[in-house]
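# Report on the structure
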Amino acid sequence: MKYLPLDANIFITNRERFVKEMVPNSIAIFVSNDEWPMNGDALHKFKQNSNLFWLSGITQEDSMVVLFPDCPDPKFREVLVLVRPNELKEKWDGKRLRTNEATAISGIQTIVWVDSIDALLQTWVHLADHIYLDTNENDRKASQIRSRDYRFVDEMRERYPLHTYHRAAKIMRSLRAIKTKDEVAVLQKAIDITDHTFRRLLGFIKPGVMEYEIEAEIYHDFYSQRATGPAYGSIIAGGDRARILHYVSNNQECKDGEMVLMDFGAEYGGYCADLTRTVPVNGKFTRRQKTVYNACLHLHNYAKSILKPGITIVDYTEKVGEEATQQFLKIGLLKKSDVKNETPENRAYRKYLYHGISHHLGIDVHDLGTKTQPVKAGMVFTIEPGIYIEEEQMGIRIENNFWITRNGNTDLMKNIPITVEEIEALMKKK
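Here goes a summary of the coordinates provided.

## Here's the deal with the overall build of the chain
Across its full length, the chain holds 13 helices and 17 strands. The C-alpha atoms of the chain give a radius of gyration of 24 Å, which matches the 22 Å a tight globule of 430 residues would have. Once the C-alpha set of the chain is aligned to its principal axes, its extents read approximately 70 × 50 × 40 Å. The burial tally for the chain puts 54% of its 430 residues in the buried class. Taking the intrachain contacts of the chain between residues at least 6 apart in sequence as the baseline, contacts between residues at least 24 apart amount to 71%. Accessible surface, the chain as shown: approximately 20200 Å² in total, 50% of it carbon and sulfur. Computing the positive centroid from 58 side-chain charges and the negative centroid from 59, the chain places the two 4 Å apart.

So this is what it looks like as structure tokens:
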């Protein structure tokens, strides 16, 4: 790992939170992700299962976490399973964790090797009445590939058909949505790295720069600050390409008079930042660009004012939509007749703002959490309204990350330049 060691108490606390939700005499088993083949003999870069990481901080492949709080032998009430270090394999692929190193990261005292887990696991399962298994229950999941967690479910049900099975992911959805202060401190580090990088970009962008050159600056600055890397594929979209929400080609020239939308964030210690800013390529907003940008910033600030405990994301999105309607009337995008003739299924403002305003943020960029239950203190959300105008070949999005507090929220990106005046002043200094 590139980042500095995290406090193991983060993961100790997370395991304690999960165990409290388990029914009596139950065992929970979490397995790491697959190593996915690419081409030839190559593999894609390994990415740990988010739930296993949340419980342990372990990023190594072929790992497992076993939680059995009612095990008669206290030594096996929480177990970390690792691949056994192999001298020959390490010559090719690098060093694997030793037991003392894994304990320092996770706080788990009992470490066993994966090549000896079958016999141990059978004994533990025979003592338990209930088994918690993990699957991907992120609402945005799209892949139909039968990944390791689902294959493990199949194996366990075949071997132990008479146990009662439970969904670990259902518990994880509620627990991971509420961040502890220690988790937010790690997230804040990712945000601070992203802040530094954005300020660097303001001094780099100019007419003629290529989108991929901006992306390269992001990678350079992230890695120089110990980030694991980008939290997701960076979107660097100049001109009309800013209307493409998941534009990742990043291969065109940024031209004088255009704006460039940059949606990027660092990953640090397993936690993800998610920032979007839209800036003028030449360092100076035109009058129209400034008008639309300030309308988007108004929506951003309005959303910030109402995102607090008790509101649901459905109601929150509806209220932001009402405010967007008024702003779009004000800046000439909508006419009163457009609003009069709209339907609940086809709101007029959706022509210019066609995505959600917020999503949960944490270990995953689109983190676990509910859309229908009321917002709770401890959750972390993005706020990211956008205005996309095909007729003017213009797209603007403004995004910050917010930690929900008892009575409101805290802007974790409050130090990152956001106003027209701040952006122009910093670009002028280049």
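## With respect to unusual backbone geometry
The general pattern is negative phi for most residues beyond glycine and trans for most peptide bonds. A positive phi angle is found at asparagine 25, which is not glycine, with a value near 50°. Among the secondary structure elements, asparagine 25 is positioned in the loop between helix H1 (9–20) and strand S1 (26–31). The phi dihedral of glutamine 393 is positive, around 50°, even though this residue is not glycine. Considering the arrangement of structural elements, one finds glutamine 393 in the loop between strand S14 (386–389) and strand S15 (394–397).

## Observations concerning the layout of surface pockets
By volume, the second largest pocket amounts to about 680 Å³. Looking at the lining of the second largest pocket, its residues break down into ten nonpolar, twelve polar and nine charged.

## Things to note about the sheet that holds strand S13 (residues 380–383)
Taken in spatial order, the three strands of this open sheet run S13-S16-S17, and their pairing is antiparallel. In the strand order of this sheet, the two ends are held by S13 and strand S17 (409–411), each with one partner. Each adjacent strand pair in this sheet contributes to an overall mean axis angle of 35°, direction not counted.

## What to know about the packing of helix H5 (residues 117–127) against helix H6 (residues 148–159)
H6 packs onto H5 with a crossing angle of 60° between their chain directions and a minimal axis gap of 12 Å. Of the possible angle classes, the one that applies to H5 and H6 is oblique. In this structure, the crossing between H5 and H6 has a hand that is right-handed. Between H5 and H6, the contacting residues are Asp118, Leu121, Gln122 and Val125 on the first element and Phe152, Met156 and Arg159 on the second.

## What about helix H11 (residues 313–330)?
For H11, spanning 18 residues, the distance from its first C-alpha to its last is 25 Å, which sits close to the expected 26 Å at 1.5 Å a residue. Burial in H11 covers these residues: Ile313, Tyr316, Thr317, Val320, Gly321, Glu323, Ala324, Thr325, Gln327 and Phe328. Count one or two residues on from H11 and you reach glycine 332, which has phi positive near 85°.

## With respect to the environment of proline 72
Turning to its location among the elements, proline 72 is positioned in the loop between strand S2 (64–67) and strand S3 (78–82). Taking relative accessible area as the criterion, proline 72 reaches 59% and is therefore assigned exposed. Through-space distance from the C-alpha of proline 72 to that of isoleucine 311 is 44 Å; in sequence the pair is 239 residues apart. Not counting residues within four places of it along the chain, the set of residues in contact with proline 72 comprises Arg77 and Leu127.

## Things to note about the pairing of strand S16 (residues 400–404)
Look at any regular strand and the pattern is simple: side chains alternate between the two faces of the sheet. Along S16, five of the five residues are buried, which leaves the element largely enclosed by surrounding structure. Across the two faces of S16 the burial is the same, with Asn400, Phe402 and Ile404 and Asn401 and Trp403 all buried. Here S13 pairs with S16 via four bridges, running antiparallel. The residue of S16 that forms the bridge with threonine 382 is asparagine 401. Here S16 runs beside S17; their pairing, made up of three bridges, is antiparallel. Directly across from phenylalanine 402, in S17, lies its bridge partner aspartate 411. Between S16 and S17, which pair antiparallel one after the other, the connecting turn spans four residues.

Cut-offs applied
Residues numbered from 1 in each chain as written. Predicted model: local features only at pLDDT ≥ 70, side-chain atom pairs only at ≥ 80, totals over all residues. Heavy atoms only, no water. Helix = DSSP H or I, 4+ residues; strand = E, 2+ residues; numbered from the N terminus. Rg over C-alpha atoms; globule rule 2.2 N^0.38 Å. Buried < 20%, exposed > 50% of the residue type's maximum accessible area, 1.4 Å probe, protein only. Contact = heavy atoms within 4.5 Å. Areas by Shrake-Rupley, 256 points an atom, 1.4 Å probe, with all protein chains shown as cover. Lys, Arg positive; Asp, Glu negative; His and termini not counted. Charge placed at Lys NZ, Arg CZ, Asp CG, Glu CD. 1 Å grid on protein atoms, 1.4 Å probe; cavity = no way out; pocket = protein on both sides within 12 Å on 5 of 7 lines; lining within 4 Å. Points joined across faces, edges and corners; volume = space filled by probe spheres on them. Nonpolar A, V, L, I, M, F, W, Y, C, P; charged D, E, K, R; others polar. Pairing = 2+ DSSP bridges. Axes fitted to C-alpha atoms, helices over the stretch in contact; angles between N-to-C directions. Parallel < 35°, antiparallel > 145°, perpendicular 65-115°, else oblique. Left-handed = near helix turned anticlockwise from the far one by under 90°. Expected span 1.5 Å × (residues − 1).

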